[in-house]
Amino acid sequence: MRVALVRPLLRHMSNILAIYPGSFDPITNGHFDLIQRSSRIFDHLIVALLTNAEKQPLFSVEERVEMLEEVTRDMENVSVGTFSGLLVEYAVQKKARAIVRGIRAFSDYEYEIQMALTNRKLQPKLETLFLMPAEEYAYISSRLVKEICRHGGSVKGLVPPLVERRLRKKVVSTIDEV
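About the thresholds
Residues numbered from 1 in each chain as written. Predicted model: local features only at pLDDT ≥ 70, side-chain atom pairs only at ≥ 80, totals over all residues. Heavy atoms only, no water. Phe/Tyr/Trp six-rings, centres within 6.5 Å; stacked < 30°, edge-to-face > 60°. Buried < 20%, exposed > 50% of the residue type's maximum accessible area, 1.4 Å probe, protein only. Helix = DSSP H or I, 4+ residues; strand = E, 2+ residues; numbered from the N terminus. Core = buried A, V, L, I, M, F, W, Y, C linked by side-chain atoms within 4.5 Å. Contact = heavy atoms within 4.5 Å. 1 Å grid on protein atoms, 1.4 Å probe; cavity = no way out; pocket = protein on both sides within 12 Å on 5 of 7 lines; lining within 4 Å. Points joined across faces, edges and corners; volume = space filled by probe spheres on them. Nonpolar A, V, L, I, M, F, W, Y, C, P; charged D, E, K, R; others polar. Pairing = 2+ DSSP bridges. Right-handed = clockwise from strand over helix to strand, strands pointing away. Arc of directions from axis to C-beta.

Examining the packing of aromatic side chains
Each aromatic ring pair is described using two quantities: the centre-to-centre distance and the angle formed by the ring planes. Considering all chains together, one arrives at 3 aromatic pairs under this definition. Here Phe83 and Tyr90 contribute two aromatic rings whose centre-to-centre distance is 5.0 Å and whose plane-to-plane angle is 20°, an arrangement assigned as stacked. Under the relative-accessibility criterion, Phe83 is labelled buried at 8%. Note on Tyr90: relative accessible area 7%, which makes it buried.

Focus on unusual backbone geometry
With an omega of 0°, the peptide bond running from Asp25 to Pro26 counts as cis. Along the chain, the position of Pro26 falls in the loop between β1 (17–22) and α2 (29–41). Although it is not a glycine, Phe24 adopts a positive phi angle of roughly 50°. As for its position among the elements, Phe24 is in the loop between β1 and α2. The phi dihedral of Lys95 is positive, around 65°, even though this residue is not glycine. Looking at the secondary structure, you find Lys95 in the loop between α4 (87–94) and β4 (98–102).

A word on the nonpolar core
The biggest cluster of nonpolar side chains holds 36 residues, and the ones touching the most others in it are Ile35, Leu45 and Leu167. Sorting the residues of this core by element identifies β1, α2, β2 (44–50), α3 (61–71), β3 (78–83), β4, α6 (142–150) and α7 (161–177) as the ones contributing at least two each. Beyond its immediate sequence surroundings of up to four residues, Leu45 is in contact with Ala18, Ile19, Tyr20, Ile35, Ser38, Ser39, Asn77, Val78, Ser79 and Val100. Counting residues in each nonpolar core, the second largest holds 12 residues, with Ile19, Ala48, Tyr90 and Ala91 among its members.

Some words on the environment of Ala116
Mapped onto the elements of the fold, Ala116 is located in helix α5 (residues 106–122). Sequence separation between Ala116 and Leu129 is 13 residues, and the spatial gap between their C-alpha atoms is 8.8 Å. Once you skip the residues sitting within four places of it in the chain, Ala116 turns out to touch Thr128 and Phe130.

Some words on the layout of surface pockets
Of the pockets and cavities examined, the largest pocket occupies roughly 1200 Å³. Pro21, Gly22, Ser23, Arg101 and Glu112 are, among the 44 residues lining the largest pocket, the residues nearest its centre. Of all the secondary structure elements, the ones that give two or more residues to the lining of the largest pocket are β1, α2, α4, β4, α5 and α6. Ranked by the residues each element gives to the lining of the largest pocket, the list is headed by α5, at 8 residues. Counted by class, the lining of the largest pocket contains 19 nonpolar, 16 polar and 9 charged residues.

Looking at the pairing of β3
Pairing between β2 and β3: 6 bridges, direction parallel. Counterpart to Val47 in the pairing with β3 is Val80. With α3 bridging β2 and its parallel neighbour β3, the resulting β-α-β unit is right-handed.

Examining α4
Those residues of α4 that sit buried are Leu87, Val88, Tyr90 and Ala91. End-on view of α4: buried residues confined to an arc of 160°, all on one side of the axis. Opposite its buried face, α4 presents the exposed residues Glu89 and Gln93, each directed more than 90 degrees away. Buried residues along α4 sit in contact with β1, β2, β3, β4 and α5.

Next comes the structure, spelled out in structure tokens:
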């Protein structure tokens, strides 16, 4: 009897495409943890890099896409994309049914719930799912990683090794320019 109830549910949930948006400047192990876990939940995950002309990122859009593609290379159901403007418009264009957002602390939740409710108002069929990173990554943010690196601290274990190397190189070249 239970199997009969589960099968229609599984059919209803098949082929779910989700979007995990962010600036990823740079990608952290917290981001990577959420990408890995989301890739196991959804049939396809687009890691969507927000391009925002008003912000001055450390890494260019091209560099961030390159790093995201490299760290997700072995994940067959993960792709990397870019968007500007409203996330819900991008989601509709890609035929996504869900948005994945990470929440590290209550302070994140306040902002994220506001965004989720706004997105729901704009696109009622689009769901937002909140995931918490693994405990060891709950405190990590891209801003914190950049700050540690700028002051000569080690970011080992906070970002994927590829990102650590590129971050060191970028910060050294930025300091040399000053």
